[in-house]
Amino acid sequence: MGWKSMLALAGAALISMAGGAQAAPSANAISAVLHADQPGPVLSRHLQGQFVEHLGEGVYDGIWVGPESTIPNTRGIRNDVSAALRAIKVPVVRWPGGCFADIYHWRDGISPASKRPVRKNDWWSGLESNAFGTHEYFDFVDQIGAESYVAINMTTSTPSEMREWMDYITSSAKDSIADERRANGRQEPWKLGFVGIGNEAWGCGGMQTPEYFANEYRRFATFMHRNGSTFHMHNDNAALRVASGPNNDDVAWMDTVLKSAAPMMDAISLHYYTVFDGKWENRDKAPSTGFPADHWNHILYQASRMEGILKMHEAVMDKHDPQKRIGLYVDEWGTWYAPQAGTEPGFLRQQNTLRDALVTAMTLNIFHAHADRVKMANIAQGVNVLQAMILTDGAKMARTPTYHVFAMYTPFQDTTALPLEVSAPLLKSGANSFPAFTASAARSKDGRVHVAVANADADRGYRLSLKLQGVRAGKISGQVLTAAKTDAHNVPGEAEQVRPARFDGAKLVGDALVLDVPAKSVVVVSLDQN
Ligand code: AHR
């Protein structure tokens, strides 16, 4: 049985569980097979991407404090934040929005600091100083070792403005725009990885219809002048083009845009946020901490819907692009709760608990199962906004439970997926149900096999017995992330309440890897090959 059919089998199990048909196995012992002999697609490092928007304290205070700040910094970028992001090997950072991208004019952010205009941030409130612009962004991604992903302004701008920005970033010629960049202190062009053309074009990006957007996309993409596309063979810009894709389960958007513009894109985005009852208008109602017990399952159920949503879009993409040339980039995902008390609501600042850690691990496991199409994902957002990796408070900083899951999953970057047939009992969220745990496995280039389990069951641990096929396992090491309280979280300047610990619950029994996975925990183990 090959990778795809194995995946389908696991998927079928999940579907039947979602329908509530499957009874929980006796006790908490579950057997499964880890097919290390049937390698699947690459799990791109880009699945662990981040998103940073000019929104609240996402950039200012969170990343940028300016060179004059008493907070230790390198050319204005906080040292504590950049070190923490470097440590989790952030592969790519999408910037400057989000909705903000469509009100951003890149020329506002390139002149000497004192000359930059101050503008209203009409989407998220507050003032935009433009102190953090193109040069500062590329310095930031360089400092953390990430690739660049720039979202251009498609709605309040023109193809000319886009073209000039592309040339400012990538031109190696002696042309005036490249000379302007040199005069502003950067001799060499930067390497531009990805360009987003449009952001939520169906919403804050212009309330466009899919037909209208597809035409606009074609117009902008024509002037991207991407090296490698037909008549632009000798251009300096090699960035991949990402079309603004659907919201949630809007397959009509996917279908219409692909039908019209597929040959002109390298990827299409998908945005899916986890909100309390799945209703967008309630996104800011449920608390991020101190939540009622039943909110645990409600949120985790909403997160689990990512699986079905990916399947719907993949079916449409397979119709238009059976070779799977076009990547599906989930370039905004994560939890969205009520703003933290005392903060400006437009700043979207929320706490981040053990529950968010489970959302993260469950979602990464889902991405792993869809890695033949899902080539990038960017959690929203990196610092201080929504499901952040990092929260800052003046000079203080906290690494959130979400951060720690990303840290635990770094061994999965650029590995080869291995099918793991796993079937879990069901948890309930009202009339809906979802698997109590998800798991994924992969082999890294050094031959080690990694297994991750996200146990969303707040009350029960599970003993997973994974029969190893195609692995001669040697030494086992691992980490577990859990806490006594479901809303355990970390606060800037205080001792961490949630952090990974050594996992002692793994052992080899015959040809099986046995994992004693605690309730409400994330476990990642690595097996050396013998
Ligand atoms: O991440 C916050 C906002 O959510 C983004 O700006 C927008 O794209 C989405 O609606």
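For the structure itself, consult the block above.
Residues numbered from 1 in each chain as written. Predicted model: local features only at pLDDT ≥ 70, side-chain atom pairs only at ≥ 80, totals over all residues. Heavy atoms only, no water.

Caption draft 1: Empty space enclosed by the protein, seen in detail. Overall, the coordinates contain three cavities of 30 Å³ or more when judged by the stated rule. There is about 40 Å³ of room inside the largest cavity. The residue makeup of the lining of the largest cavity, split by class, is three nonpolar, three polar and two charged. (1 Å grid on protein atoms, 1.4 Å probe; cavity = no way out; pocket = protein on both sides within 12 Å on 5 of 7 lines; lining within 4 Å. Points joined across faces, edges and corners; volume = space filled by probe spheres on them. Nonpolar A, V, L, I, M, F, W, Y, C, P; charged D, E, K, R; others polar.)

Caption draft 2: Looking closely at the packing of helix α8 (residues 293-304) against helix α10 (residues 354-369). Across the interface, α8 lies against α10 with an axial gap of 9 Å and an inter-helix angle of 25 degrees. When the interaxial angle is binned, α8 and α10 end up roughly parallel. α10 is crossed by α8, and the crossing has right-handed handedness. Contact residues: α8 offers His-295, Trp-296, Ile-299, Leu-300, Ala-303 and Ser-304, while α10 offers Leu-354, Arg-355, Leu-358, Val-359, Met-362 and Ile-366. The residue inventory of the contact of α8 with α10, partitioned by class, reads nine nonpolar, two polar and one charged. (Axes fitted to C-alpha atoms, helices over the stretch in contact; angles between N-to-C directions. Helix = DSSP H or I, 4+ residues; strand = E, 2+ residues; numbered from the N terminus. Parallel < 35°, antiparallel > 145°, perpendicular 65-115°, else oblique. Left-handed = near helix turned anticlockwise from the far one by under 90°. Contact = heavy atoms within 4.5 Å.)

Caption draft 3: Up close: the site of the ligand. Near the ligand, the surroundings consist of 13 residues, among which Glu-53, Cys-99, Glu-200, Tyr-273 and Glu-332 are the closest. Asn-199 places a polar side-chain atom, nitrogen or oxygen, 3.2 Å from an oxygen atom of the ligand. Residue Glu-332 places a side-chain N or O atom 2.8 Å away from an oxygen atom belonging to the ligand. Burial of the ligand by the protein amounts to 97% of the accessible area it has alone, namely 280 Å². Residue composition of the shell around the ligand, by class: seven nonpolar, three polar and three charged. (Near = heavy atom within 4 Å. Polar contact = N/O pair within 3.5 Å; in protein donor to acceptor, adjacent residues only side chain to side chain. Areas by Shrake-Rupley, 256 points an atom, 1.4 Å probe, with all protein chains shown as cover.)

Caption draft 4: Seen up close, the layout of surface pockets. There is about 520 Å³ of room inside the second largest pocket. In this structure, the second largest pocket is lined by 33 residues; those nearest its centre are Trp-124, Glu-200, Trp-280, Arg-283 and Trp-336. Its residues placed into classes, the lining of the second largest pocket shows 18 nonpolar, eight polar and seven charged.

Caption draft 5: Examining the side chain of Ser-82 more closely. Here Ser-82 lies in helix α2 (residues 79-87). Those residues in contact with Ser-82 that sit more than four places away from it in its chain are Ile-77, Gln-143 and Ile-144.

Caption draft 6: How the structure looks around the environment of Asp-250. Relative to the elements of secondary structure, Asp-250 occurs in the loop between β11 (240-243) and α7 (251-261). Judged by relative accessible area, which is 28%, Asp-250 ranks as partly exposed. A distance of 3.1 Å separates the side chain of Asp-250 from the backbone nitrogen of Trp-253, its partner in a polar contact. (Buried < 20%, exposed > 50% of the residue type's maximum accessible area, 1.4 Å probe, protein only.)

Caption draft 7: Quick peek at the sheet that holds strand β18 (residues 420-421). Within the open sheet, the five strands sit side by side as β18-β1-β23-β27-β26. Their pairing is mixed. Looking at the sheet topology across the chains shown, the edges are occupied by β18 and β26 (506-509). Judged from the two bridges that link them, strand β1 (residues 29-35) and β18 form a sheet pairing that is antiparallel. Following the sheet pairing, Leu-34 is matched in β18 by Leu-420. (Pairing = 2+ DSSP bridges.)

Caption draft 8: The arrangement of α7 in detail. Buried within α7 are the following residues: Trp-253, Met-254, Asp-255, Thr-256, Val-257, Leu-258 and Ala-261. Packed against the buried residues of α7 are α6 (210-222), β12 (267-274), α9 (306-320) and β13 (327-335).

Caption draft 9: Representation of the sheet that holds strand β25 (residues 501-502) within the structure. Across the sheet, which stays open at both edges, the seven strands sit in the order β2-β17-β21-β22-β28-β24-β25 with antiparallel pairing between neighbours. The open sheet has two edge strands, β2 (42-43) and β25, and neither has a second partner. Pairing of strand β24 (residues 473-481) with β25 involves two bridges; the strand directions are antiparallel. If you follow Val-480 over to β25, its bridge partner there is Ala-501. Along the sheet, α10 contacts β2, β17 (415-418), β21 (437-443), β22 (449-455), β24 and β28 (521-529); its crossing angle with β22, the most-contacted strand, is approximately 130 degrees.

Caption draft 10: How the structure looks around the environment of Tyr-212. Mapped onto the elements of the fold, Tyr-212 is located in helix α6. Take Tyr-212: its relative accessible area is 47%, and that puts it in the partly exposed class. Each C-alpha atom of the pair Tyr-212 and Trp-202 lies 9.9 Å from the other, and the pair is ten residues apart in sequence.

Caption draft 11: Expanded view of the packing of aromatic side chains. Scanning all chains against the criterion turns up 23 aromatic pairs. Ring geometry for Trp-64 against Phe-132: centres 6.1 Å apart, planes inclined by 70 degrees, an arrangement best described as edge-to-face. Of this pair, Trp-64 sits in the loop between β3 (49-51) and β4 (73-74) while Phe-132 is found in the loop between β8 (127-128) and α3 (134-144), placing the two residues 68 residues apart along the sequence. Here the aromatic rings of Phe-132 and Phe-140 are separated by 6.4 Å at their centres, their planes lie at 65 degrees, and the arrangement is edge-to-face. We note that Phe-132, like Phe-140, is buried. The structure contains a cluster of three or more aromatic residues connected by ring pairs, namely Trp-64, Trp-95, Phe-100, Tyr-104, Trp-106, Phe-132, Tyr-137, Phe-138, Phe-140, Trp-165, Tyr-168 and Trp-190. (Phe/Tyr/Trp six-rings, centres within 6.5 Å; stacked < 30°, edge-to-face > 60°.)

Caption draft 12: Structural context of the side chain of Ser-148. Secondary-structure assignment places Ser-148 in strand β9 (residues 147-152). With residues near it in sequence (within four places) discarded, Ser-148 still touches Val-92, Val-93, Tyr-137, Phe-138, Lys-191, Leu-192, Gly-193 and Phe-194.

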